[in-house]
Amino acid sequence: MKYAAIVLRNIESATQSVRYAAVTDEMLSGGIFLDEIVLLSYSAPSALSSALIRLSLECAAVFLICDDALLSCARDAVSAHTGKPFEGDFSEEAECLYFVLPAGEEGVERVKFSVLPTVDSRRGRKYSRSVVRAIAAPAARVRSALVAAREAAKGKLSLHAIDYYGETRIELIYDSETPKMICDEVVRILASELEEYVYAVEDVTIAKRLFDLLKLRRLKLATAESFTAGKVGQSIVNISGASAVFYEGLNTYDNVSKMQRLGVSEFTLKTKGAVSSEVAYEMAAGLIADGHCDLAVATTGIAGPQSDGTEKPVGLCYIAVGTREQVRVFRYRLNGDRDTITNTAVNLALFLAYREIK
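Residues numbered from 1 in each chain as written. Predicted model: local features only at pLDDT ≥ 70, side-chain atom pairs only at ≥ 80, totals over all residues. Heavy atoms only, no water.

### Details of the pattern of salt bridges
Here comes step 1: Using the criterion set out here, one finds 25 salt bridges in the structure.
Here comes step 2: A salt bridge links Arg328 to Glu356; the nearest nitrogen and oxygen atoms lie 2.8 Å apart. Placement of Arg328 in strand β14 (residues 327-333) and of Glu356 in helix α12 (residues 338-357) is noted, with a sequence separation of 28 residues between them.
Here comes step 3: A residue is classified by how much of its surface remains accessible, and Glu356, at 16% relative accessible area, is buried.
Here comes step 4: Residues joined by salt bridges that share partners form a network here, namely Arg129, Arg133, Glu167, Arg169, Glu171 and Asp203. (Salt bridge = Lys/Arg side-chain N within 4 Å of Asp/Glu carboxyl O. Helix = DSSP H or I, 4+ residues; strand = E, 2+ residues; numbered from the N terminus. Buried < 20%, exposed > 50% of the residue type's maximum accessible area, 1.4 Å probe, protein only.)

Okay, structure coming up:
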């Protein structure tokens, strides 16, 4: 079966993109593989009409995705095409289904609870997914793991790998006729090939995984960040019940703050610089020395776009993870813009903290 999407763009806000990626990703997770995505302006009704005519002859379903302000325009276009009122989320014809979906998270929910059940009913089978999530896995290792997994899959399931801020998320998508033995073997291969980088064989974030482990072990976490803007701590605090596992989070960007709040040595700062393994170590050690936390995470680095006035490059960062027994420091050289560098560092910090106590 062939499927296609039409993304309606508001020409009056030409620089604002339609947040359709999350919607189409959710379709993919449910076994709806889009063969074509057409980007159109709502102010060109003839182009939209032509697209609907062409795609309806080729596809089992056509999905119109747009921001809330254009939903009525999309519904009207489908009504004009089918010759009958559009009610609810979809219009059903003998050869084609037509869906009108909002962009963003609301569209994702519609896909889960309306699109997938309707499409599954028509095609006579239900699709499921399994997920393997890893952080900091080298690209070559991921490619090798995917090759081995695809060989084991024997064409019975679909594998998709997405890289996002240092995390690799691999989806296995399969229908109800796929033998469970094959699915289990593919997951086993991926988990084995990427063993030291895998933190979950289910669809859960690293923050949630760390939170659950802290809660299980009855441990308290503290963070000191002079590079990641409090995002490491925020990732945990955003989870309901965070007060059970999170002691405190400090944003110690100024050197005086590092000295007064964390006990970082002035000598270390002057001789090694704020962005150094030594300072990262002393930041984490300062949190532990306070006596109120069991696990400490500290970050220091250069997010860019400019360096810090030294010869140290943009993207250089140090992440320290400490317990009452030891503090370990990890050095990374990250690439990308400021947001990419800091968000990647956040994922790395959470993963290193998880690995320290698992």
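After presenting the structure, the write-up continues.
### Concerning the side chain of Arg133
Here comes step 1: Here Arg133 shows up in strand β6 (residues 127-135).
Here comes step 2: Within the structure, Arg133 has its side chain in polar contact with the side chain of Glu167 (distance 2.6 Å).
Here comes step 3: Within polar-contact distance, the side chain of Arg133 engages the side chain of Asp203 at 2.8 Å.
Here comes step 4: Leaving out residues up to four positions away in the same chain, Arg133 has contacts with Glu167, Thr168, Arg169, Tyr197, Val198, Tyr199, Ala200, Glu202, Asp203, Val204 and Thr205. (Polar contact = N/O pair within 3.5 Å; in protein donor to acceptor, adjacent residues only side chain to side chain. Contact = heavy atoms within 4.5 Å.)

### Considerations on the packing of helix α5 (residues 139-153) against helix α6 (residues 180-193)
Here comes step 1: It is at 9 Å that the axes of α5 and α6 come closest, and there the two elements cross at 160°. It follows from the interaxial angle that α5 and α6 lie roughly antiparallel. Classified by chirality, the crossing of α6 by α5 is right-handed. Mapping the contact onto sequence places Arg141, Ser144, Ala145, Leu146, Ala148, Ala149, Ala152 and Ala153 in α5 and Ile182, Glu185, Val186, Ile189, Leu190 and Glu193 in α6.
Here comes step 2: Of the residues belonging to the contact of α5 with α6, the class tally is 10 nonpolar, 1 polar and 3 charged. (Axes fitted to C-alpha atoms, helices over the stretch in contact; angles between N-to-C directions. Parallel < 35°, antiparallel > 145°, perpendicular 65-115°, else oblique. Left-handed = near helix turned anticlockwise from the far one by under 90°. Nonpolar A, V, L, I, M, F, W, Y, C, P; charged D, E, K, R; others polar.)

### Quick look at the pairing of β6
Here comes step 1: Counting buried residues in β6 gives 7 out of 9 residues, a clear majority hidden from the surface.
Here comes step 2: Inspection of the sheet shows β6 paired to strand β8 (residues 167-175) by 9 bridges, in the antiparallel sense. Counterpart to Arg133 in the pairing with β8 is Arg169.
Here comes step 3: Summarising the sheet, β6 and strand β9 (residues 198-200) pair through 2 bridges and their orientation is antiparallel. Bridge pairing in β9 links Arg133 to Ala200. (Pairing = 2+ DSSP bridges.)

### Brief notes about the environment of Val314
Here comes step 1: Topologically, Val314 is positioned in the loop between β12 (295-301) and β13 (316-322).
Here comes step 2: Sequence separation between Val314 and Ala303 is 11 residues, and the spatial gap between their C-alpha atoms is 6.0 Å.

### So, the environment of Phe330
Here comes step 1: You can see Phe330 is positioned in strand β14.
Here comes step 2: Residue class for Phe330 comes out buried when judged on its relative accessible area of 18%.
Here comes step 3: Considering only alpha carbons, one finds Phe330 and Tyr281, 49 residues apart in sequence, at a separation of 9.6 Å.
Here comes step 4: The residues contacting Phe330, other than those within four sequence positions of it, are Cys317, Tyr318, Ile319, Leu352 and Arg355.

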